[in-house]
Amino acid sequence: MAVIHRTTVEPTKLELLTSWLPSRPWYRGGAAEPRLAKAGGFRLDDPQGEVGIEFMVVTDISGPHPVTYLVPLTYRGAALDGAEHALVGTMEHGVLGQRWAYDGCHDPVLLAQLGALIEGRVQAQDQNVSDVPDREVVASRTGEGSLPTDFVAVDDQDGTRLTAPHGTTLHLHRVLRPAPDGPLPPSQGATGQVTGSWQLPDGTRVRGVFAVLHTGPGEGTGNHEGV
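Since the model is a prediction, treat every value here as computed from it, not as a measurement. (Residues numbered from 1 in each chain as written. Predicted model: local features only at pLDDT ≥ 70, side-chain atom pairs only at ≥ 80, totals over all residues. Heavy atoms only, no water.)

A. Quick peek at the packing of aromatic side chains. Considering all chains together, one arrives at six aromatic pairs under this definition. When the centroid spacing of 4.6 Å and the interplanar angle of 5° are considered together, the rings of phenylalanine 42 and phenylalanine 55 count as stacked. Residue phenylalanine 42 is found in strand β2 (residues 36-44), and its partner phenylalanine 55 is found in strand β3 (residues 52-60); the two are separated by 13 residues along the sequence. The same class applies to phenylalanine 42 as to phenylalanine 55, namely buried. (Phe/Tyr/Trp six-rings, centres within 6.5 Å; stacked < 30°, edge-to-face > 60°. Helix = DSSP H or I, 4+ residues; strand = E, 2+ residues; numbered from the N terminus. Buried < 20%, exposed > 50% of the residue type's maximum accessible area, 1.4 Å probe, protein only.)

B. Just the sheet that holds strand β10 (residues 169-172), in detail. With antiparallel pairing, six strands are arranged side by side in an open sheet as β7-β12-β13-β10-β9-β8. A single partner strand is all that each edge strand has here, and the edge strands are β7 (138-141) and β8 (152-156). Each neighbouring strand pair of the sheet contributes to a mean axis angle of 20°, computed without reference to strand direction. Bridging between β8 and strand β9 (residues 159-163) involves five bridges; their strand directions are antiparallel. Across the sheet, residue aspartate 155 finds its bridge partner in β9, namely threonine 160. (Pairing = 2+ DSSP bridges. Axes fitted to C-alpha atoms, helices over the stretch in contact; angles between N-to-C directions.)

C. Fine view of unusual backbone geometry. At aspartate 131, a residue that is not glycine, the phi angle is positive and equals roughly 55°. Tracing the sequence through the fold places aspartate 131 in the loop between α2 (108-119) and β7. Relative accessible area serves as the criterion here: at 51%, aspartate 131 is assigned to the exposed category.

D. A look at α2. Taking 1.5 Å of rise per residue, the twelve residues of α2 would be expected to cover 16 Å, and the 16 Å separating its terminal C-alpha atoms lies within 8% of that figure. Along α2, nine of the twelve residues are buried, which leaves the element largely enclosed by surrounding structure. Regarding α2, the residues found buried are Val109, Leu110, Leu111, Gln113, Leu114, Gly115, Ala116, Leu117 and Ile118. Its side-chain oxygen placed 3.0 Å from the backbone nitrogen of valine 109, aspartate 107 serves as the N-cap of α2. (Expected span 1.5 Å × (residues − 1). Polar contact = N/O pair within 3.5 Å; in protein donor to acceptor, adjacent residues only side chain to side chain.)

E. Focus on the side chain of histidine 171. Examined against the element boundaries, histidine 171 turns out to sit in strand β10. Contact partners of histidine 171, with chain neighbours within four places excluded, come to Asp158, Gly159, Thr160, Arg161, Phe210, Ala211 and Val212. (Contact = heavy atoms within 4.5 Å.)

F. Quick peek at the pairing of β10. Residues Thr169 and His171 point to one face of β10 and Leu170 and Leu172 to the other, with burial holding for every one of them. Where β10 and strand β13 (residues 205-214) come together, four bridges link them in antiparallel fashion. Within β13, the position partnered with histidine 171 by the bridge is valine 212.

G. The arrangement of the pattern of salt bridges in detail. For the coordinates displayed, the defined rule picks out seven salt bridges. For the salt bridge of glutamate 54 with lysine 13, the shortest nitrogen-to-oxygen distance reads 2.8 Å. Within this pair, whereas glutamate 54 is found in strand β3, its partner lysine 13 is found in helix α1 (residues 13-20), the two being separated by 41 residues in sequence. The exposure class of glutamate 54 is buried, given its relative accessible area of 2%. What makes lysine 13 partly exposed here is its relative accessible area of 22%. Among the salt bridges present, the one from aspartate 103 reaches arginine 174, with a minimum N-O distance of 3.1 Å. With aspartate 103 in strand β6 (residues 97-103) and arginine 174 in the loop between β10 and β11 (175-176), this residue pair connects regions lying 71 residues apart in the sequence. Considered together, aspartate 103 and arginine 174 belong to a single accessibility category, that of buried residues. Taken together, the salt bridges that share partners define one network made up of Lys13, Arg43 and Glu54. (Salt bridge = Lys/Arg side-chain N within 4 Å of Asp/Glu carboxyl O.)

Okay, here's the thing in structure tokens:
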């Protein structure tokens, strides 16, 4: 169970993201420094209780048209070997001490739990309250069996594409767009997706697609070695 501490964090998560977001190819703000506001998100539990897993939703309100981003983050008590390129920054937590914050798309713990969410084996947790499910996060999937966990993450202008050796891909929508009212059908050709809600600057609550799964040949039909 993820425990949410009521304490200080320096620098804050939004301050870390203000410096990091402009370095991403999917950042829409050009040369402008973002002015970020928290818009929503959810958490997943690390079964070992060591790594914090948070899917933050933040809105950049610096420009004439606000842009909302999905930022999966992991928080660790020590540096993750081989992940220097994915480091968002370090911060001092009032209870846990120094924490290393990573782009979670490059963290194997987050990838494993995201797969478990899509498979229906775990439930999204409230972003701010310990041990409370987030019912607004909905994961759906066709097919059975374990998803691969050996994804390689590549950023492009459309988001982050996680690709496994046998062709399964999981595309994270880094720039979020509200969907029309009503149920969100799966994207064309998709075998799974994760949807959730966030708040617009005017207070309106909206839903949209966070991630889309496309299963490669031979995947999703049974257990696989190394999964």
